[in-house]
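Chain by chain, the residues run as shown.
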Amino acid sequence: QVQLVESGGGLVQAGGSLRLSCTASGTIFVIHVMGWYRQAPGKQRELVASITSGGSTVFADSVKGRFTISRDNAKNTVFLQMNSLKPDDTAVYYCNAISTAYSTSLPVPVWGQGTLVTVSS
């Protein structure tokens, strides 16, 4: 099984920055995609950004130009650098990874427990 441990959330003023980290551990053959989702109160969980093992990225329109995503494949870690934060970015941010445990395994999605990001106006 794979476990994800997130860190870096907190309280920040509008216009500020935060950096989230997520490290995967456990039985890992390869992590195909790592990403971040968020869920604000009363809203559905949405994709924020994702990155493949080859470095291809996807961003939500609402964060393009403000957030960047990167990963360290050797350390099974993904980072989300969040700049120019807005109150609308307030949410619980969840790390997600799609990995295979062995070369013959099917890819399986795994979720972290979430880290709260609060942006004050």
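Residues numbered from 1 in each chain as written. Predicted model: local features only at pLDDT ≥ 70, side-chain atom pairs only at ≥ 80, totals over all residues. Heavy atoms only, no water.

Novice: Got a minute to help me understand the pattern of salt bridges in this structure?
Specialist: It is possible for side chains of opposite charge to pair when their charged atoms get near one another. Inspection of the entire model under this criterion finds 4 salt bridges. With its nearest N and O atoms 2.9 Å apart, the salt bridge here joins Arg-38 to Asp-89. Residue Arg-38 is located in strand 4 (residues 30-39), and its partner Asp-89 is located in the loop between strand 8 (77-82) and strand 9 (91-100); the two are separated by 51 residues in the primary sequence. The same class applies to Arg-38 and to Asp-89, which are both buried. For Asp-89, a relative accessible area of 2% puts it in the buried group. Overlapping salt bridges, with partners in common, bring together Arg-38, Glu-46, Arg-66 and Asp-89 in one network. (Salt bridge = Lys/Arg side-chain N within 4 Å of Asp/Glu carboxyl O. Helix = DSSP H or I, 4+ residues; strand = E, 2+ residues; numbered from the N terminus. Buried < 20%, exposed > 50% of the residue type's maximum accessible area, 1.4 Å probe, protein only.)

Novice: Would you mind going over the nonpolar core with me for this structure?
Specialist: Trp-36, Leu-80, Met-82 and Tyr-93 are the most contacted members of the largest nonpolar core, which totals 29 residues. Listing elements by their share of this core, those giving two or more residues are strand 1 (2-7), strand 3 (18-26), strand 4, strand 5 (46-52), strand 7 (67-72), strand 8, strand 9 and strand 11 (115-120). (Core = buried A, V, L, I, M, F, W, Y, C linked by side-chain atoms within 4.5 Å.)

Novice: How should I be thinking about the environment of Ser-84 in this particular structure?
Specialist: Along the chain, Ser-84 turns up in the loop between strand 8 and strand 9. C-alpha of Ser-84 to C-alpha of Gly-15: the two residues are 69 residues apart in sequence and 4.2 Å apart in space. In this view, Ser-84 contacts Gly-15, Gly-16, Ser-17, Arg-66 and Asp-89; residues no more than four positions away in its chain are not counted. (Contact = heavy atoms within 4.5 Å.)

Novice: Please explain the environment of Leu-18 as it appears in this structure.
Specialist: Take Leu-18: it is sitting in strand 3. Between the C-alpha atom of Leu-18 and that of Asn-83, which follows or precedes it by 65 residues, the distance is 6.8 Å.

Novice: In this structure, what is going on with the side chain of Arg-71? I would like to understand it.
Specialist: Among the structural elements, Arg-71 can be located in strand 7. For Arg-71, the side chain forms a polar contact with the main-chain oxygen of Ile-31, separated by 2.9 Å. Here Thr-52 takes part through its backbone oxygen, which lies 3.4 Å from a polar atom of the side chain of Arg-71. In contact with Arg-71, other than residues within four places in its own chain, are Ile-31, His-32, Val-33, Met-34, Ile-51, Thr-52, Ser-53, Thr-77 and Val-78. (Polar contact = N/O pair within 3.5 Å; in protein donor to acceptor, adjacent residues only side chain to side chain.)

Novice: For this particular structure, what's the right way to read the packing of aromatic side chains?
Specialist: All chains considered together, the criterion is met by 1 aromatic pair. Taken together, a centroid distance of 4.9 Å and an interplanar angle of 65 degrees make the contact between Tyr-37 and Trp-111 edge-to-face. Of this pair, Tyr-37 sits in strand 4 while Trp-111 is found in strand 10 (residues 108-111), placing the two residues 74 residues apart along the sequence. When its relative accessible area of 23% is taken as the criterion, Tyr-37 is described as partly exposed. Since its relative accessible area comes to 38%, Trp-111 is described here as partly exposed. Above the face of the Phe-79 ring, Arg-19 is positioned so that its terminal group lies 4.1 Å from the ring centre. The ring of Trp-111 has Arg-45 lying over it, and the distance from NZ or CZ to the ring centre is 4.7 Å. (Phe/Tyr/Trp six-rings, centres within 6.5 Å; stacked < 30°, edge-to-face > 60°. Lys NZ or Arg CZ within 6 Å of the ring centre and 35° of its normal.)

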